[in-house]
Amino acid sequence: MSLVLSVDHEYKTTIEKAWTYLTDPSKLAKWVLENDFKAVEGHRFQFRAEPNEYWDGVINGEVLLVDEPNKLSYTWAVGEEKHTVTWTLHDLGNGKVNLHLEQTGFSNVHGLEGARYGWGNWTSQLEKLLAQ
Amino acid sequence: MNESKGVRDAFDAIADPTRRRLIRLLAEEEEVPLHELTAQFDMGRTAVSKHLTILKEAGLVVDRKVGRETRFRLNAVPLREVQDWVAFYSKFWRTNMFRLEQLLEEEEE
C-alpha cells in the first residue's frame, strides 16, 4: 500500500546552496539532527536524536540515490519501522527553490499509526472526520 | 481479544475504495441501516456486508440490531491513531524545514 507524507517548502536561495544543506553533515545537523551523512549511494549513516527511556535516539539510514542537485533519497529506519525519505529540489527562478519532501514506507508496526494518505480527496475527508 | 477491535489492521481496511466510501457515508450520519448503505452501491447486499465486516474487524465500524435491521455507525478512534504517526513526522519536517529557512536567511546577512 502506498502511504505518503509529503511536505513542500519554498526557499530564497540557490539550488546548489540548498543541496549543501541536504548533504553536508555539519549543515544538516543544524536543521535536522546530528549525523555522519555522505552523499554517496550505498553509504550507511545515522541521525542521532536525544535518547529517551523508550528509544536510543538512533535513526539508521542508507543513501539510495544521489542526483546532485536535483534529487536525494535515503532510508530512514527506527526500530523495525523502515521508511524512505526523498528530497526533490526545483529551481523556481528569481532566486527561489522549492524543496519537496516525501516520506514513504509507513507500516503498522506501531499499532495503527501511519502516514498521510496519497489518496486525493480521502485526505481532506479524513481530516474533516478527525476534526469532528 | 475483543472481536470488534484489533483483529484486522486499519490500513488494510481502508485500502479498498468501497470501504473508504462506506466510511465517508457513515461519517455523514449518526447511524445508517444496511439497506440504505447497500442502495449507494452497484454491488449486492452480501458484498456490501462483507466490506462492513472487514471495517468492523478493524474496529472502524460498530453495528447493532434494531428489530430486523442492522444499523452501522462509524468509530473514528483507530483513524485518529493512524493520523498520530503522520502528524508526528509532518510536524518534525515542517519545523525543520522552517529552521532551514532561518539558516539560509542568516547566511544571507
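Residues numbered from 1 in each chain as written. Chains lettered and ligands numbered in written order. Predicted model: local features only at pLDDT ≥ 70, side-chain atom pairs only at ≥ 80, totals over all residues. Heavy atoms only, no water.

Colleague: Just checking my understanding: could you explain the packing of aromatic side chains for this structure?
Modeller: Any two aromatic rings considered together are summarised by their centre-to-centre distance and by the angle between their planes. Residues and elements named next belong to chain A. Per the stated rule, a full pass over the model turns up 13 aromatic pairs over all chains. When the ring of Trp31 is compared with that of Trp87, the centres are 5.6 Å apart and the planes differ by 70°; the resulting orientation is edge-to-face. Of this pair, Trp31 sits in helix α2 (residues 25–31) while Trp87 is found in strand β6 (residues 81–93), placing the two residues 56 residues apart along the sequence. The residues Trp31 and Trp87 share a single accessibility class, namely buried. (Phe/Tyr/Trp six-rings, centres within 6.5 Å; stacked < 30°, edge-to-face > 60°. Helix = DSSP H or I, 4+ residues; strand = E, 2+ residues; numbered from the N terminus. Buried < 20%, exposed > 50% of the residue type's maximum accessible area, 1.4 Å probe, protein only.)

Colleague: How should a negative patch on the surface be read in this particular structure?
Modeller: Residue and element names in this part refer to chain A. Where like charges cluster on the molecular surface, the negative patch consists of Glu16, Glu41, Asp67, Glu68 and Asp91. Within the secondary structure layout, Asp91 lies in strand β6. Overall, the relative accessible area of 51% leaves Asp91 in the exposed class. (Patch = residues over 30% accessible without salt bridge, like charges linked within 9 Å, V, L, I, M, F, W, Y side chains within 5 Å. Areas by Shrake-Rupley, 256 points an atom, 1.4 Å probe, with all protein chains shown as cover. Salt bridge = Lys/Arg side-chain N within 4 Å of Asp/Glu carboxyl O. Lys, Arg positive; Asp, Glu negative; His and termini not counted. Charge placed at Lys NZ, Arg CZ, Asp CG, Glu CD.)

Colleague: Looking at this model, I keep getting lost on the pairing of strand β3 (residues 69–74) of chain B. Mind explaining?
Modeller: On any regular strand, side chains alternate: one points to one face of the sheet, the next to the other face. Residues and elements named next belong to chain B. Only one face of β3 is covered, namely the one carrying Thr70, Phe72 and Leu74; the face carrying Glu69, Arg71 and Arg73 has none of its residues buried. As judged from the 2 bridges shared by strand β1 (residues 32–33) and β3, these two strands associate in the antiparallel manner. Note on β3: the bridge partner recorded for Pro33 is Arg71. In this antiparallel pair of consecutive strands, strand β2 (residues 61–66) and β3, the connection spans 2 residues, and Gly67 shows a positive phi of 60°. (Pairing = 2+ DSSP bridges.)

Colleague: Just to check I follow, could you spell out the sheet that holds β3(B) for this structure?
Modeller: Whether parallel or antiparallel, the strands of a sheet pair through hydrogen bonds between backbone atoms. Strand order in the open sheet made by the 3 strands is β1-β3-β2 (chain B), with antiparallel pairing throughout. If you trace the sheet from one side to the other, it starts and ends with β1 and β2 of chain B, each paired once.

Colleague: For this particular structure, what's the right way to read the pattern of salt bridges?
Modeller: Should their charged atoms come close, side chains of opposite charge can pair. Residues and elements named next belong to chain B. In total, this model carries 8 salt bridges over all chains according to the counting rule given. One salt bridge in this structure joins Glu31 and Arg64, with 2.6 Å as the shortest N-O distance. Of this pair, Glu31 sits in the loop between α2 (17–28) and β1 while Arg64 sits in strand β2, placing them 33 residues apart in sequence. Of the residues examined, Arg64 reaches a relative accessible area of 43% and is grouped as partly exposed. Residues joined by salt bridges that share partners form a network here, namely Glu31, Arg64, Glu69 and Arg71.

Colleague: Explanation requested: the packing of α2(B) against helix α4 (residues 45–57) of chain B in the structure shown.
Modeller: Packed helices, taken two at a time, are described by the angle between their axes plus the distance between the axes. Residue and element names in this part refer to chain B. For the pair α2 and α4, interaxial distance at closest approach is 10 Å and the crossing angle is 80°. The orientation of α2 relative to α4 falls into the category roughly perpendicular. Across from Thr18, Arg19, Leu22, Ile23 and Leu26 in α2, the residues of α4 making contact are Val48, His51, Leu52, Ile54 and Leu55. Of the residues contributing to the contact of α2 with α4, the split by class is 7 nonpolar, 2 polar and 1 charged. (Axes fitted to C-alpha atoms, helices over the stretch in contact; angles between N-to-C directions. Parallel < 35°, antiparallel > 145°, perpendicular 65-115°, else oblique. Contact = heavy atoms within 4.5 Å. Nonpolar A, V, L, I, M, F, W, Y, C, P; charged D, E, K, R; others polar.)

Colleague: What's the story with the nonpolar core in this structure? I'm lost.
Modeller: One recurring pattern in soluble globular proteins is that nonpolar side chains are buried together. A:Trp31, A:Phe47, A:Tyr74, A:Trp76, A:Trp87, B:Trp93 and B:Met97 are the most contacted members of the largest nonpolar core, which has 37 residues in total. Other than its neighbours up to four places away in sequence, A:Tyr74 contacts A:Phe37, A:Phe45, A:Phe47, A:Glu62, A:Val63, A:Leu64, A:His83, A:Thr84, A:Val85 and A:Trp87. Core analysis: the second largest hydrophobic core is formed by 21 residues, B:Phe41, B:Ala58, B:Phe72 and B:Leu79 among them. (Core = buried A, V, L, I, M, F, W, Y, C linked by side-chain atoms within 4.5 Å.)

Colleague: Just checking my understanding: could you explain α2(B) for this structure?
Modeller: Note on helix geometry: an α-helix contains 3.6 residues per turn, so any two residues three or four positions apart are oriented the same way. Residues and elements named next belong to chain B. With 12 residues, α2 should cover 16 Å at 1.5 Å per step; its first-to-last C-alpha distance of 17 Å lies within 8% of that length. Turning to α2, its buried residues are Thr18, Arg19, Arg20, Leu22, Ile23, Leu25 and Leu26. The N-cap residue of α2 is Asp16: its side-chain oxygen and the backbone nitrogen of Thr18 are 2.8 Å apart. (Expected span 1.5 Å × (residues − 1). Polar contact = N/O pair within 3.5 Å; in protein donor to acceptor, adjacent residues only side chain to side chain.)

Colleague: How do you make sense of the sheet that holds strand β1 (residues 4–12) of chain A when you look at a structure like this?
Modeller: Residues and elements named next belong to chain A. Strand order in this open sheet of 7 strands is β1-β7-β6-β5-β4-β3-β2, and the pairing throughout is antiparallel. Only two strands of the sheet have a single partner each, and these edge strands are β1 and β2 (34–35). The pairing of β6 with strand β7 (residues 96–104) spans 9 bridges and is classified as antiparallel. Along β7, the bridge assignment pairs His90 with Asn98. Contacts between helix α1 (residues 15–23) and the sheet are confined to β4 (58–67), β5 (71–78), β6 and β7, with β6 contributing the most and set at about 165° to the helix.

So yeah, pure geometry; function would need other evidence.
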